[in-house]
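Breakdown of the fold
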Amino acid sequence: MAEDLSAGNDASASEAVPFWHDPAKRGMAFQAAFLILVLTMGYVLFTITRGNLERQSIATGFDFLTREAGFEIGESLIAYSAANTYARALVVGILNTLKVAVIGIVMTVVLGGLVGVARLSANWLLARLAAAYIEVLQNIPILLQLFFWYAIFREVLPSPRQTMNPIAGVYFNNRGFFFPVPKHDPAHEMMAAAFVAAWVAGLFLRRWARRRQDLTGRTFPGWTCSVLLLLLFPFGVWLAFGAPSAMEIPQLKGFNFEGGLSISPEFGALLLGLVLYTSAFVAEIVRAGIQAVSHGQTEAAMSIGLRPSLVLSLIVLPQALRVIIPPLTSQMLNLTKNSSLAVAIGYPDVVSVVNTTINQTGQAIEGVLMIMTVYLVLSLATSAFMNWYNKKMALVER
Amino acid sequence: MKRAEKVAVVLFAVFCLFSVSAVQAGETLDAVKTRGYVSVGVNGGLFGFGMPDEKGVWRGLDVDTGRAVAAAVFGDAEKVKFVTLTTQTRFTALQSKEIDVLCRNATRTLTRETDLGLNFVTVNYYDGQGFLVPKKLGVKSAKELSGASVCTLPGTTTEQNVGDYFRANNMTLKPVVIEQNTELNQAFFAGRCDCLTSDASQLAGIRAVAPNPDDYVILPEIISKEPLAPVVRHGDEQWRDIVDFCVLAMIAAEDMGITSKNVEEMLASKDPNIQRFLGVTPGNGKALGLDEKWAYNIVKQVGNYGEVFERNVGEKTKLGIKRGLNAQWRDGGLMYSPPFK
């Protein structure tokens, strides 16, 4: 807006013009009037709502957040029981939403990238398979896909007592997928520290390699070495601690499996549905991005003797990313927002938890406000990050 | 500037409409009479309580309670419109005057009366939360359910009840909360959960639609009190009395032995209580602001409580629910009506 105003204000003879003929000042007046209008509208709606609620003696405010929630939640990343407060239940819901959104986004980008590249493949069969994947998944409503995957999970998988046991310690049944995890050991924290150290070391290594290449023209396999560091450092620490290899194996206790890592059918179905659906869109974005790079660029790169892998990483990808990132961001936001469909298949995301809260407290307005705030913050944060990344990736014009 | 002015005028008009409709607080009875029908919020998918049959005719105990109100107000039980509501929208719909009365298996609780600004009238069904389990699980009591996966519908007191019960008995549970009845039932029948918890009346309905009802059993424990009652808004006492006495009239009619079949003969009864009840001796109707024949119309067109119960949920229906707590007080139940005088 500020740019428009200054653009209209460049006439040096504006002093003689009455303000209603000055487009800049007129624009400002319109905007001020509009702002006042919007604020008045908000104020009027707020007072009417509050008046109505008071007249019907309906409780308002966020006091309920400190009261005991009294309901259990199926899965949680932090310790939670029915004796905790509504606020903590809300945090559990937000974390569950974040869990499916973050894992979903990573998987979507990887899968979408692969399918997008496959769509352009010279291999006829591969290209057609990718096209079919995109057309089918893009054109079926996400809610139906969720119902479909959830039905598959619960109908195909056996009961816990007749569980599938593909590998020792791994169990698949209609209560979820259970995997053994290493028993907790002090070595694990040290391994995590070693991982971080390796990551930092890799960063410095690549910087050094780049500077050397700039100076001398000699290349150094910086990325390969970084990955090796990431693997070797924690492994070395693990060996140094005497290679603790005790595993926590899931066991059938009573009705359900306990211990180890578990993925519930609700989470699995939601993640699968979201990833498959969104990756179809991402694949098209990736394909469009790659095709947007003119073929002359590739030919020119090859003519100066670059290897195909370098052509991709140095010439095509940096230019394609400029086209890919903005629409990719909106697909990430779509995935996050679509995760609210979790209520339909029983995954306890933030919407599900707040729904229960609303029903127990009856404070629908506050509850819906909280849901909206959560999604707004998540979306704005994702956008901010992707805008930063986009700026970094954008072509620097000279 | 002209366009902005226009926009401002339109928006101002919208505000005025808003504020007028929000401030207007007419008597519910007048509003209903002007409109020509009673708007009743119902479940829509609960067999025995509120659900259209295969011909599209609404059936159920709650539905018949709504019809009773229409019969009392208009003398015609069909001057009623049923609005299907979810557990989440039901109270909001009532608060915002979208409906006149909510007959949707709603449990009366303290916070609903106070925080939500609602009035529950006389209970039309005493329910309680129970557990439905597959027989092959071999569970005989709810106390054996520690660690179980429990399928639950959101939006009722159900989630809290089951949380309280498991906590009180030092047991753990893994809830699976699914919003839609059908999806929840399918998850339970497919074995996703060890048990399904809900009001016992609903469990009977779910069991009735199971692929093989004999494979499932309702556990003996009833873990909560669920007095289900019609609901009206705070602040209109006349309307509240009308809805309250519509429920009571059905109960009183059964108590006095008046049925839809014998109500004509009962008009000639010498019993002053029956004469007052049926409006032969006037007074009750005027006191409520209704026609003197209001109770007669309820019994004639809808039936007494016993008839309504047996027709919708009783032992001859698919649900096969015994009267139990819902029997008349003289038969050991809780149905008890004050005198109609």
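Just so it is clear, the model here is predicted, and its values are computed rather than measured. (Residues numbered from 1 in each chain as written. Chains lettered and ligands numbered in written order. Predicted model: local features only at pLDDT ≥ 70, side-chain atom pairs only at ≥ 80, totals over all residues.)

Next up on the list: the overall build of chain A. Looking only at helices and strands, chain A features 12 helices and 7 strands. Taking 398 residues into account, the globule formula puts the C-alpha radius of gyration at 21 Å, and chain A, at 28 Å, lies well above it. Overall, the C-alpha framework of chain A stretches about 85 × 75 × 45 Å when taken along its three principal axes. Counting all 398 residues of chain A, 29% fall into the buried class. Looking at chain A alone, contacts between residues at least 24 apart form 64% of all its contacts between residues at least 6 apart. (Helix = DSSP H or I, 4+ residues; strand = E, 2+ residues; numbered from the N terminus. Rg over C-alpha atoms; globule rule 2.2 N^0.38 Å. Buried ≥ 20, exposed ≤ 12 C-beta atoms within 10 Å, placed from the backbone. Contact = placed C-beta atoms within 7 Å.)

Our focus in this paragraph is the overall build of chain B. When its secondary structure is counted, chain B shows 14 helices and 14 strands. Computed over C-alpha atoms, the radius of gyration of chain B comes to 22 Å, within 12% of the 20 Å expected from 2.2 N^0.38 for 341 residues, which places it in the range of a compact globule. Seen through its C-alpha atoms, chain B measures out along the principal axes to roughly 80 × 60 × 40 Å. Sorting the 341 residues of chain B into buried and exposed places 48% on the buried side. Contacts in chain B between residues far apart in sequence, at least 24 positions, make up 71% of those at least 6 positions apart.

Attention shifts here to the sheet that holds strand 7 (residues 261–263) of chain A. Residue and element names in this part refer to chain A. Strand order across the open sheet formed by 3 strands is 1-2-7, with antiparallel pairing between neighbours. On the outer flanks of this sheet lie strand 1 (171–173) and strand 7, each paired with one strand and no other. For this sheet, the mean inter-axis angle between neighbouring strands, taken without regard to orientation, is 15°. Sheet topology note: the strand 2 (residues 176–179)/strand 7 ladder contains 3 bridges and is antiparallel. The residue of strand 7 that forms the bridge with phenylalanine 178 is serine 262. (Pairing = 2+ DSSP bridges. Axes fitted to C-alpha atoms, helices over the stretch in contact; angles between N-to-C directions.)

Residues and elements named next belong to chain B. Domain annotation for chain B reports domain 1 (28–126 + 228–331) and domain 2 (129–224). Each of domain 1 and domain 2 has a C-alpha centre, and the two are 30 Å apart. Taken together, the residues of the side of domain 1 that touches domain 2 break down into 6 nonpolar, 9 polar and 1 charged. (Domains from an automatic or database assignment. Nonpolar A, V, L, I, M, F, W, Y, C, P; charged D, E, K, R; others polar.)

For the α-helix, the turn length of 3.6 residues means that residues three or four positions removed from each other point alike. Residues and elements named next belong to chain A. Across its 31 residues, helix 10 (residues 308–338) extends only 38 Å between first and last C-alpha, which sits more than 12% below the 45 Å expected from 1.5 Å per residue. Along helix 10, the helix axis deviates most sharply at valine 316, where the bend reaches about 45°; the proline proline 318 sits within four residues downstream. Residues of helix 10 that are buried: Ala320, Ile324, Leu328, Gln331, Met332, Leu335, Thr336 and Asn338. In this structure, the buried residues of helix 10 make contact with helix 3 (86–119), helix 5 (142–156), helix 8 (265–292) and helix 12 (364–393). (Expected span 1.5 Å × (residues − 1). Bend = angle between axes of the 7 residues up to and from the residue.)

So, about the interface of chain B and chain A. Counting residues at the interface gives 45 residues for chain B and 43 residues for chain A. Those elements that place two or more of their residues in the side of chain B that touches chain A are helix 1 (2–23), helix 4 (90–95), helix 5 (110–114), strand 9 (148–152), helix 6 (158–168), strand 10 (173–177) and helix 7 (181–189) of chain B. In terms of residues, the side of chain B that touches chain A owes the most to one element, helix 1 of chain B, which gives 7 residues. Grouping the amino acids of the side of chain B that touches chain A by side-chain chemistry returns 17 nonpolar, 17 polar and 11 charged.

Ranked by size, the top nonpolar core spans 159 residues in total, and within it Leu270 of chain A together with Ala72, Cys246 and Ile298 of chain B carry the most contacts. For this core, the leading source of residues is helix 8 of chain A, giving 15 residues. When near neighbours in sequence (up to four residues on either side) are disregarded, alanine 72 of chain B contacts Ile242, Cys246, Leu290, Trp294, Asn297 and Ile298 of chain B. (Core = buried A, V, L, I, M, F, W, Y, C linked by C-beta atoms within 7 Å.)

Our next topic: the sheet that holds strand 10 of chain B. All names here are of chain B. Spatially, 10-9-11-8-12 is the arrangement adopted by the 5 strands of the open sheet, whose pairing is mixed. Unpaired on one side and paired on the other, strand 10 and strand 12 (216–218) mark the two borders of the sheet. Recorded for the sheet is a direction-independent mean angle of 30° between the axes of neighbouring strands. In terms of strand pairing, strand 9 meets strand 11 (residues 195–199) through 3 bridges, oriented parallel. Among the inter-strand pairings, threonine 152 is bridged to a residue of strand 11, identified as threonine 197.

Of note, glutamine 160 of chain B is situated in helix 6. Every residue in contact with glutamine 160 of chain B, bar those within four places of it in the chain, is listed here: Gly70, Phe71 and Gln360 of chain A.

Let us look at the domain arrangement of chain A. Assigned domains within chain A: domain 1 (2–55) and domain 2 (86–183 + 246–393). One C-alpha centre belongs to domain 1 of chain A, the other to domain 2 of chain A, and the line joining them spans 42 Å.

This paragraph deals with unusual backbone geometry. Positive phi, normally seen in glycine, also occurs at alanine 243 of chain A, with a value near 45°. Tracing the backbone through its elements, the reader meets alanine 243 of chain A in the loop between helix 7 (222–240) and strand 4 (247–248). Backbone geometry places lysine 97 of chain B, a non-glycine residue, at a positive phi of 65°. Counting through the fold element by element, lysine 97 of chain B comes out in the loop between helix 4 and strand 5 (101–102).

With that settled, consider the pairing of strand 11 of chain B. All names here are of chain B. Among the 5 residues in strand 11, 5 count as buried, and that is most of the element. Taken together, the 4 bridges between strand 8 (residues 129–134) and strand 11 define a ladder with antiparallel strand orientation. Within the sheet, the bridge partner assigned to glutamine 129 lies in strand 11 and is aspartate 199.

Of note, glutamine 88 of chain B is situated in the loop between strand 4 (80–84) and helix 4. Separated by 127 residues in sequence, glutamine 88 of chain B and aspartate 215 of chain B have C-alpha atoms that sit 32 Å apart.

Both faces of the sheet carry side chains from a regular strand, because those side chains alternate between them. Residues and elements named next belong to chain A. Pairing analysis gives 3 bridges linking strand 1 to strand 2, with the strands arranged antiparallel. Looking across to strand 2, one finds that phenylalanine 172 is bridged to phenylalanine 177. In sequence, strand 1 turns back onto strand 2 through a hairpin of 2 residues.

When you tally the buried positions in helix 6 of chain B, you get 8 out of 11 residues, the bulk of the element. Residues of helix 6 of chain B that are buried in the fold lie against helix 11 (350–361) of chain A together with strand 8, strand 9, strand 10 and strand 11 of chain B. Trailing helix 6 of chain B by a residue or two, asparagine 170 of chain B shows a phi angle of about 55°, which is positive.

Right, let's talk about the confidence of the model for chain A for a bit. The pLDDT averaged across chain A works out to 88; a share of 95% of its residues lies at or above 70. Throughout residues 1–8 of chain A the model reports pLDDT below 50, and contacts reaching past four residues in sequence, or to other chains, amount to 7 contacts. (pLDDT = per-residue confidence, 0-100.)

As a further point, take the packing of helix 10 of chain A against helix 12 of chain A. Residue and element names in this part refer to chain A. Packing of helix 10 against helix 12 brings their axes to within 10 Å, and their N-to-C directions diverge by 175°. Judged by the angle between their axes, helix 10 and helix 12 are roughly antiparallel. Where helix 10 abuts helix 12, its residues Pro318, Leu321, Arg322, Ile325, Pro326, Thr329, Met332, Leu333, Thr336 and Lys337 lie against Tyr375, Leu378, Ser379, Thr382, Ser383, Met386, Tyr389, Asn390 and Met393. For the contact of helix 10 with helix 12, the per-class residue count stands at 11 nonpolar, 6 polar and 2 charged. (Parallel < 35°, antiparallel > 145°, perpendicular 65-115°, else oblique.)

Residue and element names in this part refer to chain B. Put simply, helix 3 (residues 61–74) and helix 9 (residues 237–255) touch, their axes get as near as 9 Å, and they point 110° apart. Put simply, helix 3 runs roughly perpendicular to helix 9. Contacts between helix 3 and helix 9 involve Thr65, Ala68, Val69 and Ala72 on the former and, on the latter, Ile242, Val243, Cys246, Val247 and Met250. Of the residues that constitute the contact of helix 3 with helix 9, the class distribution is 8 nonpolar, 1 polar and no charged.

Another aspect to go through is the confidence of the model for chain B. For any part of a model where pLDDT is low, the fine detail of the predicted coordinates should not be relied upon. Residues and elements named next belong to chain B. For chain B, per-residue confidence averages 88 on the pLDDT scale, and 92% of positions sit at 70 or higher. A low-confidence stretch, residues 14–26 (pLDDT under 50), is modelled with 6 contacts involving residues beyond four sequence positions or located in other chains. Under the prediction, the complex receives an ipTM of 0.73, its pTM being 0.77.

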